[in-house]
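One-letter residues, chain by chain:
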Amino acid sequence: MLHQAVQFNQQHTDFYFDASFWQLKEMLQPASTFIITDANIYSLHAGYFKGWKTIIIPAGEAHKSLDTAQYIIDQLIQLKADRTATLVGVGGGVVTDITGFVAAIYMRGIAFGFVPTTLLAMVDASIGGKNGIDIGLYKNLMGTIRQPSFLLYDTHFLKTLPEAEWQNGFAEIIKHACIKNATMFRQLEGTSPGILKKNKQQLNELVQKNVQLKMSVVKADEFEKGERKLLNLGHTLGHAIENEYGFSHGQAVAIGIHYAAILSQQILGFKNPERISVLLTQYGLPTHFVFNTHKVMNMLQMDKKRQQNEVHYILLEKIGKGVILPIPLKDLEKLYKII
Ligand SMILES: NC(=O)c1ccc[n+]([C@@H]2O[C@H](COP(=O)([O-])OP(=O)(O)OC[C@H]3O[C@@H](n4cnc5c(N)ncnc54)[C@H](O)[C@@H]3O)[C@@H](O)[C@H]2O)c1
Ligand SMILES: [Zn+2]
């Protein structure tokens, strides 16, 4: 008799909040564990990697590529990683994305886990099981959806995080608050980046809340049919202006969130665009930017969220309640012009 168990969409993920990197030793066998990290993190936190087989990739989005995936695979072969191996991505979203991607294809799939080291990776990139690489200019064009077996959060890594990377994380945190959690929005209003950076407990709680928020959205819609689209708040316009005008992801998303708030005011009678712009500013993020509508509309033509001639735009009914609204491209162009 051949027994075959097929299990889909139900991989289970263990989360370790407020944890320490050293706990990895209790969870995994160094002989069958392969850590993937980038050169920046390795040089800033070298002590952590002693005793682990570590594959170091160059830092930066330009290296979230097929070439880097190939390099990791070559290293895994050299290090004799077999089907029982576990890959652990220790890094920002570039590292976690490429680790999940390689783990999904190496020997048709091996186990993997993440230790996110940027605020953005902690609250966003490492959660949800999407693991992609870029092909040329096409971001995340190739990828898989597969959940990690564990996520370990050690906020100690954030001590070395550059200012611009904090901003990227805060933009996604404010996005989460806007679409799903008015209480968190108020808590963010009541604190500041300076306080959060010093207060480990407050920071850990915020990270945990955001992970849970994103997890619950993802769990309700693992393959992005509806609810998960809410996570795109600020990203439709954000993606269109990010590269064109040289903004960081967080800055572009912040401007996108503010525009979405104004569109929400015009279309849905949303009452609080100023509260949103004040909060974004409080976290060091920009809100206003005059862009070339024509150029942006061209970019939107290629947006993944476009269906026929509409964009599935994420708007706000109120703070803490995001909604998805199809907006015809021609109407959007007019709306952008009058903002
Ligand atoms: N899979 C998803 O669902 C998802 C969601 C959002 C974003 N992403 C992806 O995540 C990536 C962006 O992630 P990111 O912002 O973490 O970028 P990143 O991985 O490039 O990290 C940003 C920079 O910070 C450095 N760094 C990382 N940790 C550090 C630390 N503790 N101290 C000092 N420097 C540190 C890195 O070396 C890098 O230079 C993008 O490729 C994006 O597509 C994926
Ligand atoms: Zn984002």
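Residue numbers run consecutively from 1 along every chain, following the written order of its sequence. All chains are assigned letters beginning at A, and all ligands numbers beginning at 1, according to the order in which they are written. At least 70 in pLDDT is required for a residue's local features to be given in this predicted model, at least 80 for side-chain atom pairs to be given and counted, and no such filter applies to totals for whole chains, interfaces and linings, which use all residues.

*Asks:* Help me understand the site of ligand 1, please; the structure alone is not making it clear to me.
*Replies:* The criterion for a residue being near a molecule or strand is simple: its C-beta atom, placed using the backbone, must lie within 6 Å of it. The full set close to ligand 1 counts 31 residues, and Asn40, Gly92, Gly93, Val94 and Thr118 are the nearest of them. Residues are sorted three ways: Asp, Glu, Lys and Arg are charged, Ala, Val, Leu, Ile, Met, Phe, Trp, Tyr, Cys and Pro are nonpolar, and all the rest, Gly among them, are polar. Of the residues assigned to the shell around ligand 1, the class counts are twelve nonpolar, twelve polar and seven charged.

*Asks:* Is there a simple way to think about the domain arrangement of the protein in this case?
*Replies:* Frequently, the measure chosen for interface size is the accessible area that the parts lose on association. Here the limits of each domain have been adopted from an automatic or database domain assignment. If you check the domain split of the protein, you get domain 1 (14-160) and domain 2 (163-338). Spacing between the C-alpha centres of domain 1 and domain 2 amounts to 26 Å. Distance between backbone-placed C-beta atoms decides contact: two residues are in contact if it is within 7 Å. Residue-level contacts link 15 residues of domain 1 with 18 residues of domain 2. Put simply, DSSP marks the helices as runs of H or I at least four residues long and the strands as runs of E at least two long, and each gets a number from the N terminus on. Take the side of domain 1 that touches domain 2: its biggest share by element is five residues, from helix 5 (residues 119-125).

*Asks:* Help me understand helix 7 (residues 182-189), please; the structure alone is not making it clear to me.
*Replies:* Note on helix geometry: an α-helix contains 3.6 residues per turn, so any two residues three or four positions apart are oriented the same way. To sort residues by exposure, count the other C-beta atoms lying within 10 Å of each residue's C-beta; 20 or more gives buried, 12 or fewer gives exposed, and values between give partly exposed, all with C-beta atoms placed from the backbone. Residues of helix 7 that are buried: Met184, Phe185 and Leu188. Viewed end-on, helix 7 has its buried residues packed into an arc of 105 degrees, placing them on one side of the element. Packing partners of the buried residues in helix 7 comprise helix 6 (163-180), helix 9 (200-220) and helix 12 (273-282). This arc describes the spread of directions from the helix axis toward the C-beta atoms.

*Asks:* Just to check I follow, could you spell out the sheet that holds strand 4 (residues 86-91) for this structure?
*Replies:* Adjacent strands of a sheet pair through backbone hydrogen bonds, lying either parallel or antiparallel. Pairing within the open sheet is parallel, and its six strands lie in the order 1-8-5-4-2-3. Two strands lie at the open edges of the sheet, namely strand 1 (14-16) and strand 3 (53-57), each paired on one side alone. Averaged over all pairs of adjacent strands, the angle between their axes in this sheet comes to 20 degrees, without regard to strand direction. Direction of pairing for strand 2 (residues 33-38) relative to strand 3: parallel, over a ladder of five bridges. For two strands to count as paired, DSSP must find a minimum of two bridges between them. Note on geometry: axes are lines fitted to C-alpha atoms, helical ones only across the stretch in contact, with angles between N-to-C directions running from 0 to 180 degrees.

*Asks:* Looking at this structure, how should I read the packing of helix 11 (residues 249-268) against helix 12?
*Replies:* Geometrically, a packed helix pair is captured by the angle between its two axes and the distance between the axes. Direction vectors running N to C along helix 11 and helix 12 enclose 170 degrees, while the axes themselves pass 9 Å from each other. Looking at the two axes, helix 11 sits roughly antiparallel to helix 12. Between helix 11, through Ala254, Ile257, His258, Ala261, Ile262 and Gln265, and helix 12, the contact on the second element is made entirely by Pro273, Ile276, Ser277 and Leu280. Put simply, angles under 35 degrees are roughly parallel, angles over 145 are roughly antiparallel, angles from 65 to 115 are roughly perpendicular, and the rest are oblique.

*Asks:* Quick question: what am I supposed to make of unusual backbone geometry here?
*Replies:* Across the chain, the bulk of peptide bonds are trans and the bulk of non-glycine residues have phi less than zero. The backbone phi angle of aspartate 18 is positive, close to 50 degrees, even though this residue is not glycine. When you line up the elements, aspartate 18 lands in the loop between strand 1 and helix 1 (24-27). Residues other than glycine seldom take positive phi values, yet arginine 108 does so here, at roughly 65 degrees. With respect to the helices, strands and loops of the structure, arginine 108 is situated in the loop between helix 4 (93-105) and strand 5 (111-116). The exposed category is assigned to arginine 108, around which 7 C-beta atoms lie within 10 Å.

*Asks:* Which parts of the structure should I look at to understand the environment of alanine 81?
*Replies:* Note on placement: alanine 81 falls in the loop between helix 3 (66-78) and strand 4. In this structure alanine 81 comes out as buried when scored by C-beta crowding, with 22 C-beta atoms within 10 Å. Residues alanine 81 and threonine 33 lie 48 residues apart in sequence; the distance between their C-alpha atoms is 8.4 Å. Setting aside its immediate chain neighbours within four residues, alanine 81 contacts Phe34 and Leu76.

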